[in-house]
Amino acid sequence: MQIMKRARILFLILWATAAALAQDSLRIRLDSLLRHPMFETSKVGMMVYDLTADSVLYQLDARQLMRPASTMKMLTAVTALDCLGTDYRYRTRLYYHGDIEHRTLSGDLYCVGGFDPMLTNDDLDAFAECLREQGIDTLRGRIIADNSMKEAVDYGEGWCWDDKNPQLLPLSIGRKDIFLTQLARAVEAAGIVADGIRFAEGVRPANAVLLCTRFHTIDDVLIPMLKQSDNFFAESMFYQIAASASRRQAKASDAAKVMQQLFRKIGLGHREYRIADGSGLSLYNYVSAELETRLLRYAWRERRIYEHLYPALPVAGEDGTLAKRMKGTAAHRNVHAKTGTVTGVSSLTGYCTAANGHELCFSIINQGIMSSTTGRNFQDRVCKVLCEPWETTTDYEENQ
């Protein structure tokens, strides 16, 4: 019995020693990447976290406040899944206010926007069909857009004036302000007479009658938002978060407060962060690699979140914004991560599996990068290191 006990102790010592040596090798290899000339004129904030062992593997300026670019969308996604729930649905509703007599609606139709970026003409056709099902064949009144779900701002705080960004409208089709005219088209196509119909904006009366609701799930929005880094989709989700904290006229600052609550929940409420939008377009966002990594850890531990977040992230060498990256390396099909690129910033945050089977999460934020390709190449090399056996290459720097 004593022999077996001593053998077990010896095994544990050897195992711990091997693990420590492998981790030292990882640090050496990552440190070697930081000798690249790019770091003479730029900075990086980086953290690698071993989710399996629940410990930090590597960090460099991980608490430095930096602009995240589109990795901000990961923060938005985790917050939305946490506070709204994984079964949350976007809603666009059609009401009427007035009287229906002799198959004629004398009154107004109210379209209540929920900032659903997935709305198409098929949804408008469904609204028109709903009118027909109510026995309505003539409209006399107005079609009114109720945009009171959010504050009346068209663009995010700190967005560059010369960027071509879509307006942040609670009611839009194809990101264009054509919802009301397209609904009128759908109504007439359904054989309903729109007798002198007029368009307006207003707020639905409390006694208006609900006719129809169109839904899209949070997953419907989450996948293109992360895979394709869709800014419009990200802002729509940001305002869903904001609306969860207020009844009307949801503001970006409301969403920021909800996100700060989550930061406190994961133990980082004492740090100073700046949240201006949900997409990462704003010049005013400031977060850290530590924050991104800790949020990924939180999502991984909360499986209800992870099971929706992980499949929506781009896969290295396969799809989304990572479709052409890391092909032919150990990171290919292994790394699931959100990219980020704006002028001067390149970033990457997500998950991968190390050669020893441990699941990892990481955040890399390159700042002061004049060439986005330079930043992406650095991030790809880091991911390659994370996915390869850590203890096997002593001449790693010379091979780069």
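Report follows, based on the coordinates. (Residues numbered from 1 in each chain as written. Predicted model: local features only at pLDDT ≥ 70, side-chain atom pairs only at ≥ 80, totals over all residues. Heavy atoms only, no water.)

**Quick word on the layout of surface pockets**
What counts is decided by this rule: Cavities and pockets are found on a 1 Å grid laid over the protein atoms alone: a cavity is a set of points where a 1.4 Å probe fits but cannot escape, a pocket is an open set with protein on both sides within 12 Å along at least five of seven lines, and a lining residue has an atom within 4 Å of such a point. Grid points are joined across faces, edges and corners, and a volume is the space filled by probe spheres set on the points. By definition, any uninterrupted DSSP run of H or I lasting at least four residues is a helix, any uninterrupted run of E lasting at least two residues is a strand, and each is numbered from the N terminus. When residues are sorted by character, Ala, Val, Leu, Ile, Met, Phe, Trp, Tyr, Cys and Pro go into the nonpolar class, Asp, Glu, Lys and Arg into the charged class, and all the rest, Gly among them, into the polar class.
One number sums up the size of the largest pocket: a volume of about 460 Å³. Lining the largest pocket are 20 residues, and of these R91, R93, M149, A243 and R247 sit closest to its centre. Looking at the lining of the largest pocket, the elements with two or more residues in it are strand 3 (89-101) and helix 6 (231-243). Looking at which element gives the most residues to the lining of the largest pocket, the answer is strand 3, with four residues. Residue classes in the lining of the largest pocket are distributed as seven nonpolar, six polar and seven charged.

**Digging into the pattern of salt bridges**
As a reminder, the rule being used: Salt bridges are defined as contacts in which a side-chain nitrogen from Lys or Arg sits within 4 Å of a carboxyl oxygen from Asp or Glu. Exposure classes here rest on a 1.4 Å probe applied to the protein chains alone. A residue is buried below 20% of its type maximum, exposed above 50%, and partly exposed in between.
A complete count under the given rule lists 20 salt bridges for this structure. Between R63 and E290 there is a salt bridge, with the nearest N and O atoms lying 3.1 Å from each other. Of this pair, R63 sits in the loop between strand 2 (55-60) and helix 2 (72-83) while E290 sits in helix 8 (residues 289-301), and the two are 227 residues apart along the sequence. On the accessibility criterion, E290 (5% relative accessible area) is buried. A network of salt bridges, in which partner residues are shared, links D82, K265, E302 and R304.

**Focus: the environment of S288**
The criterion, for reference: The contact criterion used is simple: two residues touch if any of their non-hydrogen atoms lie within 4.5 Å. Pairs of N or O atoms are called polar contacts if they sit within 3.5 Å, as long as, within protein, a hydrogen donor faces a hydrogen acceptor (for residues adjacent in sequence, only side-chain-to-side-chain pairs).
With respect to the helices and strands, the residue S288 is situated in the loop between helix 7 (252-265) and helix 8. By relative accessible area, which is 1% here, S288 ends up buried. Measuring from C-alpha to C-alpha, the distance between S288 and R67 comes to 8.1 Å, with 221 residues separating the pair along the chain. Contacts of S288, omitting those with residues within four sequence positions, involve A62, R63, Q64, Y273 and I365. Within the structure, S288 has its side chain in polar contact with the backbone nitrogen of L291 (distance 3.0 Å).

**Looking at the sheet that holds strand 12 (residues 359-369)**
Basically, it comes down to this: Pairing between two strands requires that DSSP report at least two bridges joining them. Geometry is summarised by axes, namely lines fitted to C-alpha atoms with helices restricted to the contacting stretch, and by angles between N-to-C directions that run from 0 to 180 degrees.
Overall, antiparallel pairing links the five strands, which are arranged 2-1-12-11-10 in an open sheet. Here the strands that pair on one side only, and so sit at the sheet edges, are strand 2 and strand 10 (336-342). Averaged over all neighbouring strand pairs, the angle between strand axes comes to 5 degrees, with direction disregarded. Inspection of the sheet shows strand 10 paired to strand 11 (residues 344-353) by seven bridges, in the antiparallel sense. If you follow T339 over to strand 11, its bridge partner there is L348.

**Let's talk about the side chain of S42**
Position of S42 relative to the elements: it lies in the loop between helix 1 (2-33) and strand 1 (43-50). According to the relative accessible area criterion, S42 is buried, its value standing at 8%. At 2.7 Å, the side chain of S42 and the backbone oxygen of M38 are in polar contact. For S42, the residues in contact, after removing those within four places along its chain, are Q367, G368 and I369.

The quantities given are spatial measurements derived from coordinates; they are silent on function.
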